[in-house]
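Single-letter residue listing:
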Amino acid sequence: MKKIIIIFLLMLFAGDFVYSQNKTVLTTGNPELKGYKTRNFLQITLQGGFMVPAGNYFQDNYNTGAAFGFDLAYRVNTEVALYTEIKCNLMSLKDSLGPSTEYFEGTAGVRFYFRPKCYRSSFFIEAGVGPYIFSQGSATTPTTNYASKTEFRMGANTGIGGELVLTNSLFITLKSKLNTIFYPFGSTTYVSGAGGFTIRL
């Protein structure tokens, strides 16, 4: 009987010891305790990437092009950030003699983060809305006369991404988005991918 009691007490103390060790690991691994803020701060991302035509009009007239810009976000709390993104999409006409064309994107929206408490890096989804400005130069080719024009359209986008934390103030951010631009006759779309360095201010 005494042996059973002794074994029971040893198991009980061993369980408490293991629990306390796990709790210590989780506590020391918590980014809040390592100087990593998860709320009430600004962050800016300098990013570059690409855009891939997806709508019928884009696919018929443009190739994949480059993109660059920046993203400014304010972390409201551990799950939510408000952001604005300014980006220039350099569109590549299939007509190699055609003029330069760009889509300037200026959207604002909300971002939702998903992060285990014991990790600093996270995944997120985001959605935004704002103006898309199309700009085209003038050119004359053997088959087409391109007039210079600028068009202002409203658009929206949604996508997924992730933040890989390098230090408490420097991250690597990667994301992919589906962009929809609205026209009187309907809409056209393109897919964008971007990556860059995020600096927490």
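Chemist: Describe the overall build of the protein, naming the residues involved and giving the relevant values.
Modeler: Helix and strand counts for the protein stand at two helices and 10 strands. Counting from the amino terminus, helix and strand elements in the protein follow one another as α-β-α-β-β-β-β-β-β-β-β-β. A total of 201 residues make up the protein; the buried ones form 36% of that total. Long-range contacts, defined here as pairs at least 24 residues apart, represent 60% of the contacts in the protein between residues at least 6 apart.

Chemist: Can you tell me about the nonpolar core, naming the residues and giving the values?
Modeler: Ranked by internal contacts, the top residues of the largest apolar core, which has 13 residues, are Phe 58, Tyr 62, Met 91, Tyr 103, Ile 181 and Tyr 190. Of all the secondary-structure elements, those providing two or more residues to this core are strand E3 (80-93), strand E5 (122-136) and strand E9 (170-183). Sequence-distant contacts of Ile 181, that is, excluding residues within four places in its chain, are made with Phe 58, Tyr 103, Tyr 132, Arg 153, Met 154, Gly 155, Gly 186, Ser 187, Thr 188 and Tyr 190.

Chemist: If you had to explain the pattern of salt bridges to someone new, which residues and values would you point to?
Modeler: Overall, the coordinates contain nine salt bridges when judged by the stated rule. The closest approach of N and O atoms between Glu 85 and Lys 177, which form a salt bridge, is 2.9 Å. Residue Glu 85 is located in strand E3, and its partner Lys 177 is located in strand E9; the two are separated by 92 residues in the primary sequence. Lys 177 carries the same exposure label as Glu 85, and that label is buried. Measuring nitrogen to oxygen at the nearest pair gives 2.6 Å for the salt bridge that ties Glu 126 to Arg 111. In this pair, Glu 126 is assigned in strand E5 and Arg 111 in strand E4 (residues 101-114), connecting sequence segments 15 residues apart.

Chemist: I'd like a description of the environment of Asn 63, backed by residues and values.
Modeler: You can see Asn 63 is positioned in strand E2 (residues 62-75). A relative accessible area of 33% places Asn 63 in the partly exposed class. Between the C-alpha atoms of Asn 63 and Val 52, which are 11 residues apart in sequence, the distance is 7.2 Å. The contact partners of Asn 63, leaving out residues within four places of it in the chain, are Pro 53, Ser 92, Leu 93 and Lys 94.

Chemist: Tell me about the pairing of E3, and please be specific about residues and values.
Modeler: With 12 bridges joining them, E2 and E3 adopt antiparallel strand pairing. Its bridge partner lying in E3, Tyr 74 is registered against Leu 82. Across 12 bridges, E3 lies against E4 in antiparallel orientation. Residue pairing for E4: Ile 86 is matched across the bridge by Gly 106.

Chemist: Can you lay out the sheet that holds strand E8 (residues 149-167) for me, pointing to particular residues and giving the numbers?
Modeler: Read around the closed barrel, the eight strands follow the order E1-E2-E3-E4-E5-E8-E9-E10; overall the barrel is antiparallel. Across the sheet, the mean angle separating the axes of adjacent strands is 25° when strand polarity is ignored. Alignment of strand E1 (residues 41-53) against strand E10 (residues 186-200), held across 11 bridges, turns out to be antiparallel. Paired with Gln 47 across the bridge in E10 is Gly 196.

Chemist: I'd love a proper account of the side chain of Glu 163, names of residues and values included.
Modeler: Along the chain, the position of Glu 163 falls in strand E8. Buried within the structure, Glu 163 lacks any salt-bridge partner; Arg 75 is the closest side chain of opposite charge, at an N-O distance of 4.1 Å. Here Gln 43 takes part through its side chain, which lies 2.8 Å from a polar atom of the side chain of Glu 163. Only 3.0 Å separates the side chain of Glu 163 from the side chain of Tyr 113, close enough to count as a polar contact.

Chemist: With reference to specific residues and values, describe unusual backbone geometry.
Modeler: Residue Asn 40 is not a glycine yet carries a positive backbone phi of 55°. Examined against the element boundaries, Asn 40 turns out to sit in the loop between helix H1 (2-28) and E1.

Quick notes on the rules
- Residues numbered from 1 in each chain as written.
- Predicted model: local features only at pLDDT ≥ 70, side-chain atom pairs only at ≥ 80, totals over all residues.
- Heavy atoms only, no water.
- Helix = DSSP H or I, 4+ residues; strand = E, 2+ residues; numbered from the N terminus.
- Buried < 20%, exposed > 50% of the residue type's maximum accessible area, 1.4 Å probe, protein only.
- Contact = heavy atoms within 4.5 Å.
- Core = buried A, V, L, I, M, F, W, Y, C linked by side-chain atoms within 4.5 Å.
- Salt bridge = Lys/Arg side-chain N within 4 Å of Asp/Glu carboxyl O.
- Pairing = 2+ DSSP bridges.
- Axes fitted to C-alpha atoms, helices over the stretch in contact; angles between N-to-C directions.
- Lys, Arg positive; Asp, Glu negative; His and termini not counted.
- Polar contact = N/O pair within 3.5 Å; in protein donor to acceptor, adjacent residues only side chain to side chain.

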